[in-house]
Amino acid sequence: MRKKLRDPRHIDRLDTVNLTAAVELGRSQMTLDAALDIGEQSLIELDKQVGDAVDIMINGQLFARGEVVTVDENFGVRITEIVQEID
């Protein structure tokens, strides 16, 4: 059984741990020729829209689920569910 970090004395240790967070906002398929033409100011249409569900990964493991939002013309993710257990 895994020991949970519920004791506040242990929480301070997490301040120095580096984590990699990743959210895939969508995918697109294109030909190699089209990919080679990508440059600054290019637009790539994705298969997700504002409000669509996304997975939030921490160090490659599912941590939470959320939805795509826009904030001042930028994309963001609103967390809607924290996954209970990560390995």
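The structure under discussion appears in the preceding block.
Residues numbered from 1 in each chain as written. Predicted model: local features only at pLDDT ≥ 70, side-chain atom pairs only at ≥ 80, totals over all residues. Heavy atoms only, no water.

A.B. asks: Provide a residue-level description of the pattern of salt bridges, including the pertinent values.
C.D. replies: According to the stated counting rule, one finds 4 salt bridges in the structure shown. Of the charged contacts, one joins Arg27 and Glu24 as a salt bridge, the two residues approaching to 2.6 Å between their closest N and O atoms. Its salt-bridge partner being Glu67, residue Arg78 comes within 2.7 Å of it at the nearest N-O pair. Taken together, the residues span a long stretch of sequence, with Arg78 in strand β4 (residues 74–82) and Glu67 in strand β3 (residues 61–71) at a distance of 11 residues. (Salt bridge = Lys/Arg side-chain N within 4 Å of Asp/Glu carboxyl O. Helix = DSSP H or I, 4+ residues; strand = E, 2+ residues; numbered from the N terminus.)

A.B. asks: A description of a nonpolar patch on the surface should follow, citing residues and the corresponding values.
C.D. replies: Together, Val23, Leu25, Met30, Ile38, Ile44, Leu46, Val50, Phe75 and Val77 make up an exposed nonpolar region whose accessible area comes to about 720 Å². Mapped onto the elements, Val50 comes out in the loop between α2 (32–36) and β2 (53–58). (Patch = residues over 30% accessible without salt bridge, like charges linked within 9 Å, V, L, I, M, F, W, Y side chains within 5 Å. Areas by Shrake-Rupley, 256 points an atom, 1.4 Å probe, with all protein chains shown as cover.)

Treat this as a map of the structure, not an account of what it does.
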